[in-house]
Amino acid sequence: MLIRSVTVGLLGLLLTACGSTRDTRVNPDAADSVTGTGLQSMDIRTMANRMAADIKEWGVLAPTSDGKLASFFIYEMVNESSDTINKMLVLTKLRTELFKAFRGRIDILDRSPSATDLSNAEQRMKQRGEVTGANNKKVFGSDFVLKGRMMSRDRQAGKLKSSYILVTFELTDLATQKLVWTNDYEMKTESERSVINR
Amino acid sequence: MRLPLLAVLAVLPVAGCSISQPSVPVGSYLGGDYVAVRTFAETQEAEGDVENLAIVLNVKGQCQLALGDVDAARQTFQTAAQIMGTWATSGNEVTAAIVGSESSKTYKGDPYEKAMNAFYLSYCYLQKGEPDNARAALKRGILMDGEVADEKFQADNALLFWMAGRMSRLFGASGAEDYFKEAQTANTFSIEHDARGDVNNAILASPEKGNLVLLLPIGLGPKKFADGREEELARFSPQSHPAVRAQATLDGESLGRSWILNDVDYQASTLGGTAMEGIRKGKAVFKRSTRIGGTVLVNEGLNNLDSDEGQAAAIVGGALLVFSALTSSAADVRHWPTLPSTVQVLVAEVPPGEHDLVVDFLDGSGRPLPQLQHTVRINVPSTGEAWFLIPSLPPAAAKP
């Protein structure tokens, strides 16, 4: 009886050993089960939330006493780390969180090349009378520019490696070139290489 | 009599998942039928062994590049890089690879293959206009190239260092000079250790020179095969290919010849001994011993089958033979089969504007190989640089 049970168990194990998969929806704030040393979704979300809250708390982008909204655009994010990243993913998330944090009481400008192209094309169509609408609006000027920089320190020895990532954001006053706000997000991972990959 | 059966069943779950090298149609790739090879890779990606995903993705990325779809190639190489760069491995996978067949594990590539993935990925990012991400890929490649077991061969890939220096300059980052210095050191070291190339490499002598850069993957990279009595040793053999170097002309004027910055065959052969090699050797000894012991016992048993001792010897001998047969000491010989043998570089300072570029690949005697000639209408910007990746393969347009 025992031998029969063990035999059936082993056969079951044999059948399942080569083929179990999953396709599961997970919380983007949960630690990534697909491991690696780069930024994970939880880092990008935490970073964006934290930066947006901090900028608001510092008050540098608050409306003036006469109700004039501050304006800014996101210029770029420079990646000096050893981890390739979709920079727009980080910047777009941050922009969204900033808009939400200020509940729209802020002027966020789109200075991307595509926005300029679209704006120029729309103006031309209005000039030609192909579409309706006034054509006397000027492109908004910006009070501030937001930039980011991602850096890393990677160390590797034998079967171990560590990766320290520092993402710094800074807000510069475009009239005075004064750095009016900066903050950073840090994360560090350590990895041990398996014997089968050494 | 049931015990041997149980033993067989116990070993099967871990030994039964050996994954073989995907049969990439290398001949079609070398013949310029990139659509067929890409289709093969896509089929494997969807239906093949998931453990081989990084191999087929890398092959697919090369085909996408050859077909001019750089954006798709970047995403493909990026996915492969994620697999190849992840160190974490599940306990089940480790157990299966050690107890069963080594080739049951997820293919993550040898350091030279990871470095080549970084090379292609960085080129794709550069074409996207992101030299910072291109340098990030190269930095990762340099780190992964340093994963070779033999410490003296760590960080000897001049190509990655040189490109990282160029990328640093392109996005105004610091460190370019350090990368150029490392590239020179890597080149000198590798040539002293029998890599192909020149100590007085013109590219590395003036590493920042030129606004036209041609990256030229040439030839066919090494093939990995199993050697030893129990196939427990992983070895590399060079593959023959007519092209060995390149020369180019711009609007009919010679731009000179190419220079080797990465000898892929050398990088593969200087991998050094790995921990798995020791494990495989141990398994080979076990496999041989159980086979010999089992044969002796079965012979003894068959000669004395009327006695209890003879029957016991036959059973135990049979079990040992089964264990021997099920123990896989064979080395994992999966590899990226469409890599070049060398990556060479040609740079030139040329006037901005449109030009006719002709790249000729030459055989060992210096004769041009007409079927591999590439004629491209290029545009060199007034500021910045123009980079092109042109492998020693037939142009995509040459195929209907």
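The model shown is predicted, which means the values in this text are computed figures rather than measured ones.

Draft legend 1. The overall build of chain B, seen in detail. From N to C terminus, chain B includes 14 helices and 10 strands. With the C-alpha coordinates of chain B rotated into their principal frame, the extents come out at 95 × 45 × 40 Å. In chain B, which comprises 400 residues, the proportion classed as buried is 54%. Sequence-distant contacts, at least 24 apart, represent 74% of the contacts inside chain B between residues at least 6 apart. Placing the 33 positive and 46 negative side-chain charges of chain B at their respective mean positions leaves the two points 1 Å apart.

Draft legend 2. Expanded view of the packing of helix 2 (residues 41–58) of chain A against helix 3 (residues 87–101) of chain A. Residue and element names in this part refer to chain A. It is at 8 Å that the axes of helix 2 and helix 3 come closest, and there the two elements cross at 40°. Compared by their axis directions, helix 2 and helix 3 come out oblique. Once helix 2 is placed against helix 3, the crossing between them reads as right-handed. For the pair helix 2 and helix 3, contact is made by Ile44, Arg45, Met47, Ala48, Asn49, Met51, Ala52, Ile55 and Lys56 and by Leu89, Val90, Lys93, Leu94, Glu97, Leu98 and Ala101, respectively. A per-class count over the contact of helix 2 with helix 3 returns 11 nonpolar, 1 polar and 4 charged.

Draft legend 3. Main features of the pairing of strand 4 (residues 160–173) of chain A. All names here are of chain A. Among the 14 residues in strand 4, 11 count as buried, and that is most of the element. Counting the residues that bridge the hairpin from strand 3 (residues 144–157) to strand 4 gives 2 residues, and of these glycine 158 lies at a positive phi of roughly 55°. In terms of strand pairing, strand 4 meets strand 5 (residues 179–192) through 13 bridges, oriented antiparallel. What sits directly across from threonine 168, in strand 5, is aspartate 184. Between strand 4 and strand 5, which pair antiparallel one after the other, the connecting turn spans 5 residues, and glutamine 177 there sits at a positive phi close to 60°.

Draft legend 4. Just the sheet that holds strand 4 (residues 245–250) of chain B, in detail. Residues and elements named next belong to chain B. Taken in spatial order, the 4 strands of this open sheet run 5-4-8-9, and their pairing is antiparallel. The sheet is open, and its two edges are formed by strand 5 (253–257) and strand 9 (374–380), each paired on a single side. This sheet shows a mean twist of 25° between the axes of neighbouring strands, independent of strand direction.

Draft legend 5. The arrangement of the nonpolar core in detail. Residues and elements named next belong to chain B. If you look at the biggest cluster of nonpolar residues, it comprises 63 residues, and the most contacted ones within it are Phe119, Tyr120, Trp162, Leu215, Val345 and Trp387. Ranked by residue count, the leading element in this core is helix 7 (residues 111–127), at 10 residues. Other than its neighbours up to four places away in sequence, tryptophan 162 contacts Phe180, Ala183, Ile203, Leu204, Pro207, Val213, Leu215, Leu261, Val345, Val347 and Trp387.

Draft legend 6. Quick look at the packing of aromatic side chains. This structure, assessed with the given rule, holds 6 aromatic pairs over all chains. A ring pair is formed by tyrosine 29 of chain B and tyrosine 34 of chain B, whose centres lie 5.9 Å apart and whose planes are at 75°; its orientation type is edge-to-face. Judged by its relative accessible area of 4%, tyrosine 29 of chain B falls in the buried class. On the accessibility criterion, tyrosine 34 of chain B (2% relative accessible area) is buried. Look at tyrosine 112 of chain B and phenylalanine 236 of chain B: their rings are 5.5 Å apart centre to centre, the planes differ by 85°, and that puts the pair in the edge-to-face class. Of the two residues, tyrosine 112 of chain B sits in helix 7 while phenylalanine 236 of chain B sits in strand 3 (residues 233–237), which places them 124 residues apart along the sequence. Among the aromatic side chains, those forming a connected cluster through ring pairs are Phe77, Phe119, Tyr120 and Trp336 of chain B. A cation over a ring is seen here: arginine 111 of chain A above phenylalanine 73 of chain A, with NZ or CZ 4.9 Å from the ring centre. Sitting over the face of the ring of tryptophan 259 of chain B, arginine 257 of chain B holds its NZ or CZ atom 3.7 Å from the ring centroid.

Draft legend 7. Spotlight on the domain arrangement of chain B. We note that the domain assignment places domain 1 (2–273 + 331–389) and domain 2 (280–326) within chain B. Relative to domain 2 of chain B, the C-alpha centre of domain 1 of chain B lies at a distance of 46 Å.

Draft legend 8. Just the sheet that holds strand 2 (residues 107–109) of chain A, in detail. All names here are of chain A. One open sheet accounts for 5 strands, arranged 2-1-3-4-5; its pairing is mixed. For this open sheet the edge positions go to strand 2 and strand 5, each flanked by a neighbour on one side alone. Strand-to-strand twist of the sheet, defined as the mean angle between neighbouring strand axes without regard to direction, takes the value 25°. Of the strand pairs in this sheet, strand 1 (residues 71–79) and strand 3 are connected by 7 bridges, and their pairing is parallel. Note on strand 3: the bridge partner recorded for phenylalanine 72 is phenylalanine 144.

The rules behind the values
Residues numbered from 1 in each chain as written. Chains lettered and ligands numbered in written order. Predicted model: local features only at pLDDT ≥ 70, side-chain atom pairs only at ≥ 80, totals over all residues. Heavy atoms only, no water. Helix = DSSP H or I, 4+ residues; strand = E, 2+ residues; numbered from the N terminus. Buried < 20%, exposed > 50% of the residue type's maximum accessible area, 1.4 Å probe, protein only. Contact = heavy atoms within 4.5 Å. Lys, Arg positive; Asp, Glu negative; His and termini not counted. Charge placed at Lys NZ, Arg CZ, Asp CG, Glu CD. Axes fitted to C-alpha atoms, helices over the stretch in contact; angles between N-to-C directions. Parallel < 35°, antiparallel > 145°, perpendicular 65-115°, else oblique. Left-handed = near helix turned anticlockwise from the far one by under 90°. Nonpolar A, V, L, I, M, F, W, Y, C, P; charged D, E, K, R; others polar. Pairing = 2+ DSSP bridges. Core = buried A, V, L, I, M, F, W, Y, C linked by side-chain atoms within 4.5 Å. Phe/Tyr/Trp six-rings, centres within 6.5 Å; stacked < 30°, edge-to-face > 60°. Lys NZ or Arg CZ within 6 Å of the ring centre and 35° of its normal. Domains from an automatic or database assignment.

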